[in-house]
Amino acid sequence: EAAVTQSPRNKVAVTGGKVTLSCNQTNNHNNMYWYRQDTGHGLRLIHYSYGAGSTEKGDIPDGYKASRPSQENFSLILELATPSQTSVYFCASGDAGGGSYEQYFGPGTRLTVL
Amino acid sequence: GDSVTQKEGLVTLTEGLPVMLNCTYQTIYSNAFLFWYVHYLNESPRLLLKSSTDNKRTEHQGFHATLHKSSSSFHLQKSSAQLSDSALYYCALSDFSGANTGKLTFGHGTILRVHP
């Protein structure tokens, strides 16, 4: 069974503070993704990675950085958090090989920036 | 670029009635791969069904969808709604640009609420 975990599950941060959201997958997938989910916008891609050491900008990367230190771990970093970054963040893993394109999602992190 | 449109933000139904959630897409690539993901409250989004074959019905867990490339549509249907179907449903399109990114473009989502 696919397994993607995220920590923390809930986070309250102050404006201007640094926030790190962590994601771990045990699927041995090459690709990992970070999304935010907002009402009326659905799931929007922030950053993604092809493998350890790689990070790529998604559709809404401004204000976010990403880090992929290993196959299993992918972090999303908010250097200077703003209230507009209050959202639910989902991490996912997947492999594009074989044409599957299925992504497996974590449980989400609810971030509130005050 | 690629885009996915889900017209309805909210669909409210009485249990037992048929379900149809609309999904249309735009892409320049002929080999589109379409997905429906379902997100139940307090759970992770997960794949419901997928298809890349034109005019072939795909079924899973009582839901079905047929990819129609001529109309760029992939509507989700079920013959009889159940209370447990209440969830957020996303239609998504794969990236076939050749870069093998595995990226998906999601629609805005449709909330399905089924009441007794």
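Refer to the structure printed above.
Model, not experiment: these values are computed from the prediction.

### What to know about the interface of chain B and chain A
Then, in step 1: Residue-level contacts link 22 residues of chain B with 22 residues of chain A.
Then, in step 2: Buried area between chain B and chain A, summed over both chains or domains, comes out near 1,900 Å², and the portion from carbon and sulfur atoms is 55%.
Then, in step 3: The tally of links between chain B and chain A comes to zero salt bridges.
Then, in step 4: Applying the counting rule to chain B against chain A returns five residue pairs in polar contact (both at pLDDT 80 or more).
Then, in step 5: Secondary-structure elements contributing two or more residues to the side of chain B that touches chain A are strand E5 (34-39), strand E6 (46-51), strand E10 (87-94) and strand E11 (104-106) of chain B.
Then, in step 6: Its residues assigned to classes, the side of chain B that touches chain A comprises eleven nonpolar, eight polar and three charged.

### So, the sheet that holds strand E8 (residues 73-78) of chain A
All names here are of chain A.
Then, in step 1: One open sheet accounts for four strands, arranged E1-E3-E8-E7; its pairing is antiparallel. Strands at the two margins of the open sheet, each flanked by one partner only, are strand E1 (4-7) and strand E7 (65-67). For this sheet, the mean angle separating the axes of adjacent strands, direction not counted, is 20°.
Then, in step 2: Relative to strand E3 (residues 19-25), E1 runs antiparallel, the two being bridged by four bridges. When the bridges of E3 are listed, Val 4 appears paired with Gln 25.

About the thresholds
Residues numbered from 1 in each chain as written. Chains lettered and ligands numbered in written order. Predicted model: local features only at pLDDT ≥ 70, side-chain atom pairs only at ≥ 80, totals over all residues. Heavy atoms only, no water. Contact = heavy atoms within 4.5 Å. Buried area = accessible area lost by both parts, 1.4 Å probe. Salt bridge = Lys/Arg side-chain N within 4 Å of Asp/Glu carboxyl O. Polar contact = N/O pair within 3.5 Å; in protein donor to acceptor, adjacent residues only side chain to side chain. Helix = DSSP H or I, 4+ residues; strand = E, 2+ residues; numbered from the N terminus. Nonpolar A, V, L, I, M, F, W, Y, C, P; charged D, E, K, R; others polar. Pairing = 2+ DSSP bridges. Axes fitted to C-alpha atoms, helices over the stretch in contact; angles between N-to-C directions.

As far as function goes, none of this settles anything; it's purely spatial.
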